[in-house]
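# Topology and contacts: notes
Take a look at the letters that make up each chain.
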Amino acid sequence: MAETEERSPEGVKYYRLSEIEAQNSFKSTWIIIHHKVYDVTKFLDEHPGGEEVLREQAGGDATESFEDVGHSTDAREMASSMVIGELHPDDRHKIAKPVETLVTTSKEESRYTHKHARFGSLDKSSLTGIIVSFAAGGQTW
Ligand code: HEM
């Protein structure tokens, strides 16, 4: 319990990851962006990107998705009014790689591997083709 009352030297309230994770319902929606905790509950309806994307990130780290969108300065200012505290420094390592990101990464990797494999086989046969036609072309001309 004492943990929930912890604050940074500047007086910013620290939240443990477990507390934030619990705020993922319609009643209360919190997200983490750059280790800051945002209460976006009242903003869900107003978000130009829709409430669904925010709810998907509820209770977790939304930093990557927030930055991927390339939010405007206005959006960032708007966000700063929703900060309620920061993720406890001891819990920051826990959000380094959320499960969802790992899934995306492995999907992407397999897609890349696939591409490479296809290009790899294409390369070999077409390269031989090119060399042969060059050689043939050279002889004919
Ligand atoms: C407190 C947090 C957030 C605030 C204040 C916010 C605010 C805004 C604003 C003002 C826009 C309009 C475009 C702009 O000005 O950049 C926008 C668009 C959008 N936001 Fe957010 N946003 C937040 C978090 C997020 C998160 C976490 C996601 C992704 C999970 C997200 C996804 C989007 C998308 C997809 C759009 C639409 C972009 C488009 O159609 O061009 N936002 N947001």
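On a predicted model such as this, the values are computed, not experimentally measured, just so you know.

## Re the environment of Ile-33
The residue Ile-33 is located in strand β2 (residues 30–33) in this model. The class for Ile-33 is buried, based on a relative accessible area of 4%. Each C-alpha atom of the pair Ile-33 and Asp-61 lies 6.1 Å from the other, and the pair is 28 residues apart in sequence.

## Some words on the nonpolar core
Nonpolar side chains in soluble globular proteins generally cluster together in the buried interior. If you look at the biggest cluster of nonpolar residues, it comprises eleven residues: Ile-31, Ile-33, Tyr-38, Val-40, Phe-43, Leu-44, Leu-54, Ala-62, Phe-66, Ala-79 and Met-82. Those residues in contact with Met-82 that lie beyond four places of it in its chain are Val-37, Tyr-38, Asp-39, Val-40 and Phe-43. In this structure, Leu-17, Ile-32, Val-37 and Ile-95 belong to the second largest nonpolar core, which totals eight residues.

## Regarding the pattern of salt bridges
Following the criterion strictly, the structure yields six salt bridges and no others. One salt bridge connects Glu-51 with Arg-55, and the closest N-O pair in it is separated by 3.2 Å. Note that Glu-51 and Arg-55 are positioned in helix α2 (residues 51–57) at a spacing of four residues, about one turn of the helix. The residue Arg-76 makes a salt bridge to Glu-67 at a minimum N-O spacing of 2.9 Å. Residue Arg-76 is classed as partly exposed on the basis of its relative accessible area of 34%. Taken together, the shared-partner salt bridges in this structure form one network comprising Arg-16, Asp-91 and Lys-94.

## Things to note about the confidence of the model for the chain
As a note on interpretation, predicted positions should not be read in detail where pLDDT is low. Chain-level statistics for the chain give a pLDDT mean of 80 and a share of 65% at 70 or above. A low-confidence stretch, residues 107–122 stays under pLDDT 50, and its non-local contacts, those more than four residues away or across chains, total one contact.

## Regarding the environment of Glu-56
Along the polypeptide, Glu-56 turns up in helix α2. Sequence separation between Glu-56 and Ile-31 is 25 residues; the distance between their C-alpha atoms is 9.6 Å.

## Details of the site of the ligand
Every one of the 19 residues lining the ligand counts as a neighbour, but His-47, Pro-48, Gly-49, His-71 and Ser-72 are closest to it. Residue His-47 places a side-chain N or O atom 2.8 Å away from a nitrogen atom belonging to the ligand. Contact between the ligand and Ser-72: an oxygen atom at 2.5 Å from a side-chain N or O atom of the residue. When residues of the shell around the ligand are traced back to their parent elements, those giving at least two are α2, α3 (63–69) and α4 (73–80). Taken together, the residues of the shell around the ligand break down into 13 nonpolar, six polar and no charged.

Rules behind the numbers
- Residues numbered from 1 in each chain as written.
- Predicted model: local features only at pLDDT ≥ 70, side-chain atom pairs only at ≥ 80, totals over all residues.
- Heavy atoms only, no water.
- Helix = DSSP H or I, 4+ residues; strand = E, 2+ residues; numbered from the N terminus.
- Buried < 20%, exposed > 50% of the residue type's maximum accessible area, 1.4 Å probe, protein only.
- Core = buried A, V, L, I, M, F, W, Y, C linked by side-chain atoms within 4.5 Å.
- Contact = heavy atoms within 4.5 Å.
- Salt bridge = Lys/Arg side-chain N within 4 Å of Asp/Glu carboxyl O.
- pLDDT = per-residue confidence, 0-100.
- Near = heavy atom within 4 Å.
- Polar contact = N/O pair within 3.5 Å; in protein donor to acceptor, adjacent residues only side chain to side chain.
- Nonpolar A, V, L, I, M, F, W, Y, C, P; charged D, E, K, R; others polar.

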